[in-house]
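# Coordinates in review
Take a look at the letters that make up each chain.
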Amino acid sequence: MATPQETINVCIQMLQHISDDNTIPRNIRRVADQTKSLLTNEQKSIGLRAAEAISTIDEISNDPNMPVHARTRIWELVSQLESIPLD
């Protein structure tokens, strides 16, 4: 099982792929960048960073303009983040 920090690193990579994908609408890529910033904020606990990221991503997960492949990636990302304990 991966450590919480390893899980955060995987999620950051997934968010980077979303940010770099030009087929995804700009507003969704912007939220991916914001979420990446939340996850890299070392001043908060890992559990709190994960919870904030889930909250941020949840807002865009139902965007009707999101391509199916991006929605699947978002759900996978949320699943990874939910595995991190809140501490």
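Quick note: structure is the one above.
Now for a description of the structure that goes with this document. (Residues numbered from 1 in each chain as written. Predicted model: local features only at pLDDT ≥ 70, side-chain atom pairs only at ≥ 80, totals over all residues. Heavy atoms only, no water.)

## Some details on the nonpolar core
In this structure, Ile8, Leu39, Ile57, Ile74, Leu77 and Leu81 are the most contacted members of the largest nonpolar core, which totals 24 residues. Elements represented by at least two residues in this core include exactly α1 (4–20), α2 (26–39), α3 (46–60) and α4 (68–82). (Core = buried A, V, L, I, M, F, W, Y, C linked by side-chain atoms within 4.5 Å. Buried < 20%, exposed > 50% of the residue type's maximum accessible area, 1.4 Å probe, protein only. Helix = DSSP H or I, 4+ residues; strand = E, 2+ residues; numbered from the N terminus.)

## Considering the packing of α1 against α2
It is at 9 Å that the axes of α1 and α2 come closest, and there the two elements cross at 160 degrees. As the angle between them shows, α1 and α2 are arranged roughly antiparallel. For the element pair α1 and α2, the recorded crossing hand is left-handed. Residue-level contacts link Ile8, Cys11, Ile12, Leu15, Gln16, Ile18 and Ser19 of α1 to Arg29, Ala32, Asp33, Thr35, Lys36 and Leu39 of α2. Counted by class, the contact of α1 with α2 contains seven nonpolar, three polar and three charged residues. (Axes fitted to C-alpha atoms, helices over the stretch in contact; angles between N-to-C directions. Parallel < 35°, antiparallel > 145°, perpendicular 65-115°, else oblique. Left-handed = near helix turned anticlockwise from the far one by under 90°. Contact = heavy atoms within 4.5 Å. Nonpolar A, V, L, I, M, F, W, Y, C, P; charged D, E, K, R; others polar.)

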